Amino acid sequence: MECLNTHWFMSLADAREKLENWRRHYNEDRPHSAIGYKVPISLHYPGDVTSLSP
C-alpha cells in the first residue's frame, strides 16, 4: 500500500488520520488510468460530487 510506504505513524490516532487522508485522496482526487482517468468516487456518485466530506 502506497500510504504505508510513505508515512511513519506516531500513534493509533495519527495512523487513523493519515490513512483517512490517503483514502480520500485515492478515491476522490487521484485519477486512475484503469477507469479512463476518472476518480473512483465518480463511478458511484456521478455528477458534481467532489467529496463526501461534511
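Residues numbered from 1 in each chain as written. Predicted model: local features only at pLDDT ≥ 70, side-chain atom pairs only at ≥ 80, totals over all residues. Heavy atoms only, no water.

The number of helices and strands found in the protein is three helices and zero strands. N-terminal to C-terminal, the α/β element order of the protein is α-α-α. Put simply, 10% of the contacts in the protein that link residues at least 6 apart link residues at least 24 apart. (Helix = DSSP H or I, 4+ residues; strand = E, 2+ residues; numbered from the N terminus. Contact = heavy atoms within 4.5 Å.)

Looking now at the packing of aromatic side chains. The full count for this structure, using the stated rule, is one aromatic pair. Measuring from ring centre to ring centre gives 4.9 Å for Trp22 and Tyr26, while their planes differ by 25 degrees; the resulting arrangement is stacked. Taken together, the positions of Trp22 and Tyr26, both in helix α2 (residues 12–29) and four residues apart, correspond to about one turn of that helix. Looking at Tyr26, the relative accessible area reads 28%, which means it is partly exposed. (Phe/Tyr/Trp six-rings, centres within 6.5 Å; stacked < 30°, edge-to-face > 60°. Buried < 20%, exposed > 50% of the residue type's maximum accessible area, 1.4 Å probe, protein only.)

Another aspect to go through is the confidence of the model for the protein. On average, residues of the protein score 81 in pLDDT, and 81% of them are at 70 or above. For the protein, the element scoring lowest by mean pLDDT is helix α1 (residues 2–6), at 73; α2 scores highest, at 90. (pLDDT = per-residue confidence, 0-100.)

Here α2 spans 25 Å end to end across 18 residues, near enough to the 26 Å set by a 1.5 Å rise per residue. Where α2 is concerned, the buried positions are Asp14, Ala15, Trp22 and Glu28. Buried residues along α2 sit in contact with α1 and α3 (41–44). (Expected span 1.5 Å × (residues − 1).)

Pairs can form between side chains of opposite charge once their charged atoms are near each other. Counted according to the given criterion, the structure contains three salt bridges. The closest approach of N and O atoms between Lys18 and Asp14, which form a salt bridge, is 3.1 Å. In this pair, Lys18 and Asp14 are both assigned in helix α2, four residues apart and thus about one turn of the helix distant. For Asp14, a relative accessible area of 16% corresponds to the buried category. Here Glu20 and Arg23 are joined by a salt bridge, their closest N and O atoms 2.6 Å apart. On the criterion of helical spacing, the pair formed by Glu20 and Arg23 is a turn pair, its members being three residues apart in helix α2. (Salt bridge = Lys/Arg side-chain N within 4 Å of Asp/Glu carboxyl O.)

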